[in-house]
Amino acid sequence: MVRGVESRQAGDMGARCIDCNGFVLEDSVIDGALNHGLDVFNCAACRVSRNRITNTATVAGMGRGGNGQYNGVRFGGPGSLFERNEVRRTGYLGVDIRGPAMIRRNSFSEFNLVKTDGAGIYTWTNKAVEIAENLVFDGAGSMVAWQGIGELRPNGAWATIRPAETRGEQPQIYMSGVKPFGGPSVDRYTPEPGYDWARYE
């Protein structure tokens, strides 16, 4: 168990736990990491609660390159819980859910500060994901990133909770407060035939 620690101005990730079981992080502060604030990946029965993860990857070019970088949090694993955290001021995604997880009672704000086409809460090809009672607001969208697209949506962000190309069992999304800005509150890429997407709106 890790409790009451501070990680500030990390050159890559503020905190990282890969392929571990039962990891617990509570009542801590992660501020100013240049890539991910927190990376808890492929871990079973992990719990991350009551933490502040702020000012992550807010400087373009200082984090890792490629897709899936510049996130406040990357999180996932069977039986894992991300609860009562504040994730604020993030270069791309507030939380990138990578594996089964419960994402509950968090606040995600001021995301997409450096990159675009992101979300406060984002999933990718996951099963057994529950997203409940979260607040998602004030997505930004990088004006620099939008210049090459030829289209600028209001406030530069167009998805807040985004299960992208999810296969199999769909994420359960309920009782999450979303402040609309520039597009739908729940957005998905092109679904595969047969999915009842409206069930999760």
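For the structure, check the block above.
A few points on the structure. (Residues numbered from 1 in each chain as written. Predicted model: local features only at pLDDT ≥ 70, side-chain atom pairs only at ≥ 80, totals over all residues. Heavy atoms only, no water.)

**Points about the overall build of the chain**
Condition: Only runs of H or I of at least four residues qualify as helices and only runs of E of at least two qualify as strands under DSSP, and these elements are numbered from the N terminus. Buried, partly exposed and exposed residues are distinguished by accessible area as a fraction of the type maximum, computed with a 1.4 Å probe on protein chains only: under 20%, between the cut-offs, and over 50%, respectively.
Along the chain, the regular secondary structure elements total one helix and 20 strands. Residue burial in the chain is summarised as follows: out of 201 residues, 51% are buried.

**As for the state of the cysteines**
Note on terminology: disulfide describes a covalent bond linking the sulfur atoms of two cysteines. Convention followed: Criterion for a disulfide: a pair of cysteine sulfur atoms at a distance within 2.5 Å.
Under the defined criterion, the tally for this structure stands at one disulfide. Here Cys43 is not disulfide-linked; the sulfur of Cys20 is the nearest cysteine sulfur, at 3.2 Å. You can call Cys43 buried: its relative accessible area is 0%. No disulfide involves Cys46; its sulfur sits 4.2 Å from the nearest other cysteine sulfur, which is in Cys43.

**Considerations on the nonpolar core**
Put simply, the rule reads: What makes a nonpolar core is a set of buried Ala, Val, Leu, Ile, Met, Phe, Trp, Tyr and Cys residues whose side-chain atoms join them at distances within 4.5 Å. Residue contacts are counted whenever heavy atoms from the two residues lie within 4.5 Å of one another.
One finds Leu38, Val40, Val73, Phe75, Phe82, Ile97 and Phe108 to be the most contacted residues of the largest nonpolar core, which totals 25 residues. Of all the secondary structure elements, the ones that give two or more residues to this core are β6 (38–41), β9 (73–76), β12 (95–97), β13 (101–104) and β16 (129–132). Leave out the neighbours within four places in its chain, and Phe108 touches Phe82, Val87, Gly94, Val95, Ile103, Gly120, Ile121, Asn134, Leu135, Val136 and Phe137. Counting seven residues, the second largest nonpolar core, distinct from the first, contains Tyr70, Leu93, Val114 and Tyr122.

**Structural notes on the packing of aromatic side chains**
What counts, and what does not: Aromatic rings from Phe, Tyr and Trp, with only the six-membered ring used for Trp, were paired whenever their centres fell within 6.5 Å, and each pair was classed as stacked if the ring planes differed by under 30 degrees, edge-to-face if by over 60, and tilted otherwise.
Per the stated rule, a full pass over the model turns up two aromatic pairs. Taking the centre distance of 5.4 Å and the plane angle of 55 degrees together, the rings of Phe75 and Phe82 count as tilted. Here Phe82 and Phe108 contribute two aromatic rings whose centre-to-centre distance is 6.4 Å and whose plane-to-plane angle is 20 degrees, an arrangement assigned as stacked. Of this pair, Phe82 sits in strand β10 (residues 81–83) while Phe108 sits in strand β14 (residues 107–109), and the two are 26 residues apart along the sequence. Comparing Phe82 with Phe108 shows no difference in burial state: the two are buried.

**A few points about the pattern of salt bridges**
Spelled out, the test is: Criterion for a salt bridge: a side-chain nitrogen of Lys or Arg within 4 Å of a carboxyl oxygen of Asp or Glu.
Counted under the stated rule, the structure contains 17 salt bridges. A salt bridge links Arg8 to Glu6, with the nearest nitrogen and oxygen atoms 2.9 Å apart. For Arg8, a relative accessible area of 45% gives the class partly exposed. Taken together, the salt bridges that share partners define one network made up of Arg3, Glu26, Asp27, Arg47 and Arg50.

**Description of the side chain of Ser109**
Looking at the secondary structure, you find Ser109 in strand β14. We classify Ser109 as buried; its relative accessible area is 5%. Those residues within four positions of Ser109 in sequence are excluded, and the remaining contacts are Val87, Arg88, Arg89, Phe137 and Asp138.

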